[in-house]
Amino acid sequence: PVLLLDAWDGTCSRPFWPILFTLAILSDILDGIVARRLRVDTQWLREADSRADVVLYFFVGVSMYRAFPDTLMRWRVPLLIMRASHLAEWTTAIYKCGRLASYHSWTAKLWGVSLGVATGFLFSFDYETTLWACVVCGVVSNIHEIMITFTLSEWTHDVWDIRAAVKLKKKSRVSTTSGGPQAEKIHGST
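Residues numbered from 1 in each chain as written. Predicted model: local features only at pLDDT ≥ 70, side-chain atom pairs only at ≥ 80, totals over all residues. Heavy atoms only, no water.

**Quick look at the overall build of the chain**
And then number 1: Along the backbone of the chain there are eight helices and zero strands.
And then number 2: Mapped from its N terminus to its C terminus, the chain presents α and β elements in the order α-α-α-α-α-α-α-α.
And then number 3: Projecting the C-alpha coordinates of the chain onto the three principal axes gives extents of approximately 60 × 35 × 25 Å.
And then number 4: The proportion of buried residues among the 190 residues of the chain is 41%.
And then number 5: Taking contacts inside the chain between residues at least 6 apart in sequence as the whole, the part at least 24 apart equals 69%.
And then number 6: With the model as given, the accessible surface of the chain reaches about 11000 Å², and the carbon-plus-sulfur share is 68%.
And then number 7: The averaged location of the 17 negative side-chain charges in the chain is 8 Å from the averaged location of its 20 positive side-chain charges. (Helix = DSSP H or I, 4+ residues; strand = E, 2+ residues; numbered from the N terminus. Buried < 20%, exposed > 50% of the residue type's maximum accessible area, 1.4 Å probe, protein only. Contact = heavy atoms within 4.5 Å. Areas by Shrake-Rupley, 256 points an atom, 1.4 Å probe, with all protein chains shown as cover. Lys, Arg positive; Asp, Glu negative; His and termini not counted. Charge placed at Lys NZ, Arg CZ, Asp CG, Glu CD.)

Printed below as a string of structure tokens:
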């Protein structure tokens, strides 16, 4: 919300905006590291982390609308494609699992980095070209996460990639057919 307040008048304060945005990104990275080190990275906390990312980028998007409306018009088609792929990923997860995904996959992390870089360059230097990386990484990430969702037998969090989803599915099948306890979750390093 502070970022949006800064951009509300149609401009962004430099260096205030880049510093505050960098702190937001760093806190997102560090809170995950701290949670894992303290062993409090529960399912609920991992889902909350994913939702907090959505809230951050909602405010960034509205800030972009206020401060860079011409940029949004020039980039409307690629950004709409990226947004549509994200809505398809959400729809797939809700349809199959009844809730949004929270995989923290390597492609999602790459997309997050590209979002941070593109946003940082736009708000700091009025440089738009890095938006291409953001759009491409976003579409690839969303397709990857749709594939993960279709592969998994049931909802889980922290699935690093499609290979981990396949392993989880195989392990779940073995556990189900052998009558043993539910499959242990297989996670990549996040």
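Now that the structure has been shown, we can carry on.
**Details of the pattern of salt bridges**
And then number 1: Counted under the stated rule, the structure contains four salt bridges.
And then number 2: The shortest N-O distance in the salt bridge between Glu47 and Arg51 comes to 3.9 Å. Of this pair, Glu47 and Arg51 both sit in helix 3 (residues 43-67), four residues apart, which is roughly one turn of that helix.
And then number 3: The salt bridge involving Glu128 is made with Arg74; its shortest N-O contact spans 2.3 Å. Of the two residues, Glu128 sits in the loop between helix 6 (106-125) and helix 7 (131-151) while Arg74 sits in helix 4 (residues 69-74), which places them 54 residues apart along the sequence.
And then number 4: Beyond isolated ion pairs, a larger network of salt bridges with shared partners links Glu47, Arg51 and Arg99. (Salt bridge = Lys/Arg side-chain N within 4 Å of Asp/Glu carboxyl O.)

**Notes on the confidence of the model for the chain**
And then number 1: Taken over all residues, the pLDDT of the chain has a mean of 84, while the share at 70 or more is 91%.
And then number 2: Ranking the elements of the chain by mean pLDDT puts helix 8 (residues 162-178) last, at 75, and helix 7 first, at 95.
And then number 3: Ignoring residues within four places in sequence, the model shows residues 180-190, a span with pLDDT below 50, making 29 contacts including any to other chains. (pLDDT = per-residue confidence, 0-100.)

**Let's talk about the side chain of Thr130**
And then number 1: Tracing the sequence through the fold places Thr130 in the loop between helix 6 and helix 7.
And then number 2: A relative accessible area of 17% means that Thr130 is categorised as buried.
And then number 3: Look past the residues within four positions of Thr130 in its chain and what remains in contact with it is Val117, Ala118 and Phe121.

**A few points about unusual backbone geometry**
And then number 1: Residue Asp126 is not a glycine yet carries a positive backbone phi of 55°.
And then number 2: Among the structural elements, Asp126 can be located in the loop between helix 6 and helix 7.
And then number 3: In this model, Asp158 sits at a positive phi of 60°, which is unusual for a non-glycine residue.
And then number 4: Looking at where Asp158 falls in the secondary structure, it is placed in the loop between helix 7 and helix 8.
And then number 5: Asp158 sits in the buried class, given a relative accessible area of 6%.

**Things to note about the packing of helix 5 (residues 76-97) against helix 7**
And then number 1: Relative to each other, helix 5 and helix 7 sit at 15°, their axes nearing to 9 Å. Taken together, helix 5 and helix 7 sit at an angle that is classed as roughly parallel. As helix 5 runs across helix 7, the sense of the crossing is left-handed. Contacts from Pro78, Leu79, Ile81, Met82, Ser85, His86, Ala88, Glu89, Thr92, Ala93, Lys96 and Cys97 in helix 5 reach Trp132, Cys134, Val135, Gly138, Val139, Asn142, Glu145, Ile146, Thr149, Phe150 and Thr151 in helix 7.
And then number 2: Its residues placed into classes, the contact of helix 5 with helix 7 shows 13 nonpolar, seven polar and three charged. (Axes fitted to C-alpha atoms, helices over the stretch in contact; angles between N-to-C directions. Parallel < 35°, antiparallel > 145°, perpendicular 65-115°, else oblique. Left-handed = near helix turned anticlockwise from the far one by under 90°. Nonpolar A, V, L, I, M, F, W, Y, C, P; charged D, E, K, R; others polar.)

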